[in-house]
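One-letter residues, chain by chain:
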Amino acid sequence: MSQNQFDSKGRLQHLLTLAGLPRETLTGLLDRSQQFHVQPGIRARNYDLLVGATVVNLFFEPSTRTRTSFELAAQRLGAHVITLDMAFSSTTKGESLLDTLYTLEAMNADLFVTRHKEPGVPETLAQHTLPHVHIINAGEAHVSHPTQGLLDALTIHQHKKNFEKLSVAIVGDIRHSRVARSAVQALTVLGTHDIRFAGPAELLPDDMSGEKFTNMDKALEDADVVMMLRIQKERMQAGLIPDEREYARRYGLNSSRLRLAKPDVLVMHPGPMNRGVEITSEVADGPHSAIREQVTNGVAVRMAVMATLMGK
Ligand code: CP
């Protein structure tokens, strides 16, 4: 749990982690996200909540969904948005991350969105930033991805309503997954008890409580939600998993496996997906899939988080 998320008056100043976030804060963010939610095909509404504010995206790892949705969210709230191309930033010339922060603060940046492969970066930025500036963690190593946890919770809420009675199976490379950690933190705060982890023994977590399965089929039995995860080769030693064909045979979600879950099961995946490895196209694009809804919810959640941090 971060000590640095709340200011001296108890207001949410930064979003660094969902661990230890009070239930009312989390549900408040979800309720607010719902107000910003717009179905694809409908023209998104623009707000003036962040007019005059400057949002800077600092992504030191690749991203499609998170980076774009933070940009869109900030623009739809009326902010100026800068996304630095970190491959061409002065960090490649040896400038420290803190000097980058101070430099951009000197240009009146108000809110930083950061993704980094090293644990602890969002917390360090929060400790060193000016008192009026806000930090949002958009992906921290294998540790945390709080806005993903929020959008996952929002997506489940839109379909299932009662978190307490849910059975949620999380399948794949859980050990290296910041998505899984933030999802479990959100679900735990919201009252879900039955959280199952399935995957090869080497990829099961040792820092999260929940039932663990190396047999995926057993984990899927009567599940309400199945959350599939990508193999994160960038965070593991070579040779830790069997080849992709064998992995797909044992841990890939296909239509026949999905029948082990409840008839109204919700299928989720944070993206990016490896079709044919952890999930077949038939399931990813099928009637149970909420994968694109997760993406839509990502914009709404990021609007809610930025507006809340900025006191709007
Ligand atoms: N889910 C997620 O974080 O996707 P990106 O890596 O594309 O941002």
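Residues numbered from 1 in each chain as written. Predicted model: local features only at pLDDT ≥ 70, side-chain atom pairs only at ≥ 80, totals over all residues. Heavy atoms only, no water.

Draft legend 1. Region of interest: the sheet that holds strand E6 (residues 194–198). Taken together, the five strands give an open sheet; going across it, the order is E7-E6-E5-E8-E9, and neighbouring strands pair in parallel fashion. Both edges of this open sheet fall to strand E7 (211–213) and strand E9 (266–268), since each of them pairs with a single strand only. If you compare each strand with its neighbour and ignore which way they point, the axes differ by 20 degrees on average. Taken together, the four bridges between strand E5 (residues 167–171) and strand E8 (residues 225–228) define a ladder with parallel strand orientation. When the sheet's bridge partners are listed, Ile170 is paired in E8 with Met227. The sheet contacts of helix H5 (residues 146–160) involve E8 and E9, and relative to E9 the element is tilted by about 165 degrees. (Pairing = 2+ DSSP bridges. Helix = DSSP H or I, 4+ residues; strand = E, 2+ residues; numbered from the N terminus. Axes fitted to C-alpha atoms, helices over the stretch in contact; angles between N-to-C directions. Contact = heavy atoms within 4.5 Å.)

Draft legend 2. Spatial organisation of the packing of aromatic side chains. Applying the stated criterion to the full structure yields two aromatic pairs. Ring plane angle 85 degrees and centroid distance 5.0 Å describe the contact between Phe36 and Tyr47, whose orientation is recorded as edge-to-face. Taken together, the residues Phe36 in helix H1 (residues 23–36) and Tyr47 in the loop between H1 and strand E1 (54–59) connect sequence positions eleven residues apart. Note on accessibility: Phe36 and Tyr47 belong to one class, buried. Ring centres of Tyr247 and Tyr251 lie 5.5 Å apart, and the angle between their planes is 40 degrees; this geometry places the pair in the tilted category. With Tyr247 and Tyr251 both in helix H8 (residues 244–251) and four residues apart, the pair spans about one turn of that helix. Look at Tyr247 and you get buried, because its relative accessible area is 1%. (Phe/Tyr/Trp six-rings, centres within 6.5 Å; stacked < 30°, edge-to-face > 60°. Buried < 20%, exposed > 50% of the residue type's maximum accessible area, 1.4 Å probe, protein only.)

Draft legend 3. Just the nonpolar core, in detail. If you look at the biggest cluster of nonpolar residues, it comprises 58 residues, and the most contacted ones within it are Ile136, Leu150, Ile156, Ile170 and Met306. The element contributing the most residues to this core is helix H11 (residues 291–309), with nine residues. Grouped together as the second largest cluster of nonpolar side chains are 24 residues, Phe213, Leu253, Val265 and Val277 included. (Core = buried A, V, L, I, M, F, W, Y, C linked by side-chain atoms within 4.5 Å.)

Draft legend 4. How the structure looks around H11. Between its first and last C-alpha atoms H11 spans 27 Å; for 19 residues at 1.5 Å apiece the expected length is 27 Å, and the two agree. With respect to burial, H11 is a largely interior element, 15 of its 19 residues being buried. After H11 finishes, the residue Gly311 shows a positive phi value of roughly 75 degrees. (Expected span 1.5 Å × (residues − 1).)

Draft legend 5. Molecular detail of the pairing of strand E3 (residues 111–116). Counting buried residues along E3, six of its six residues qualify, which places the element largely inside the surrounding structure. Burial along E3 is two-sided: the residues Leu111, Val113 and Arg115 and Phe112, Thr114 and His116 are all buried. As defined by bridge partners, E1 adjoins E3 across five bridges and the pair is classed as parallel. Bridged to Phe59 within E3 is Arg115. Bridge count between E3 and strand E4 (residues 134–140): five bridges; the pairing is parallel. Across the sheet, His116 pairs through a bridge with Glu140, a residue of E4. Taking the sense of rotation as the criterion, the β-α-β connection linking E3, helix H4 (residues 121–128) and E4 turns out right-handed. (Right-handed = clockwise from strand over helix to strand, strands pointing away.)

Draft legend 6. Representation of the site of the ligand within the structure. In the region of the ligand, the neighbouring residues are Ser63, Thr64, Arg65, Thr66, Arg115, His145, Gln148, Pro270 and Gly271. Within the backbone of Arg65, a nitrogen or oxygen atom sits 3.0 Å from an oxygen atom of the ligand. Assessed atom by atom at 2 Å from the grid points, the ligand resides in the largest pocket. Classifying every residue of the shell around the ligand gives one nonpolar, six polar and two charged. (Near = heavy atom within 4 Å. Polar contact = N/O pair within 3.5 Å; in protein donor to acceptor, adjacent residues only side chain to side chain. 1 Å grid on protein atoms, 1.4 Å probe; cavity = no way out; pocket = protein on both sides within 12 Å on 5 of 7 lines; lining within 4 Å. Sits in = over half its atoms within 2 Å of the grid points. Nonpolar A, V, L, I, M, F, W, Y, C, P; charged D, E, K, R; others polar.)

Draft legend 7. How the structure looks around the sheet that holds strand E2 (residues 80–84). In spatial order, the strands read E2-E1-E3-E4; together these four strands make up an open sheet with parallel pairing. Whereas interior strands pair on both sides, the edge strands pair on one side only; in this sheet they are E2 and E4. Ignoring which end each strand starts from, the neighbouring axes of this sheet average 15 degrees apart. Of the strands in this sheet, E1, E2, E3 and E4 touch helix H2 (residues 65–76), which is tilted by about 175 degrees from E1. Its contacts with the sheet place H11 against E1, E3 and E4, and it is angled at close to 150 degrees to E4.

Draft legend 8. Structural context of the pattern of salt bridges. Enumeration over the complete set of coordinates arrives at 13 salt bridges. Arg196 serves as the salt-bridge partner of Asp194, at 3.0 Å between the closest nitrogen and oxygen. Asp194 sits in the partly exposed class, given a relative accessible area of 25%. Put simply, Arg292 and Asp285 hold a salt bridge, and the shortest N to O gap is 3.0 Å. According to the relative accessible area criterion, Asp285 is partly exposed, its value standing at 41%. Each of Arg275, Asp285 and Arg292 takes part in a single network of salt bridges with overlapping partners. (Salt bridge = Lys/Arg side-chain N within 4 Å of Asp/Glu carboxyl O.)

Draft legend 9. Local environment of H2. Relative to the 16 Å expected for twelve residues at 1.5 Å per residue, H2 spans 16 Å between its end C-alpha atoms, a close match to the ideal helical length. Within H2, burial applies to Thr66, Ser69, Phe70, Glu71, Ala73 and Ala74. In this structure, the buried side of H2 is in contact with E1, E2, E3, E4, H5 and H11. In the segment just after H2, Gly78 is the residue with positive phi, at about 95 degrees.

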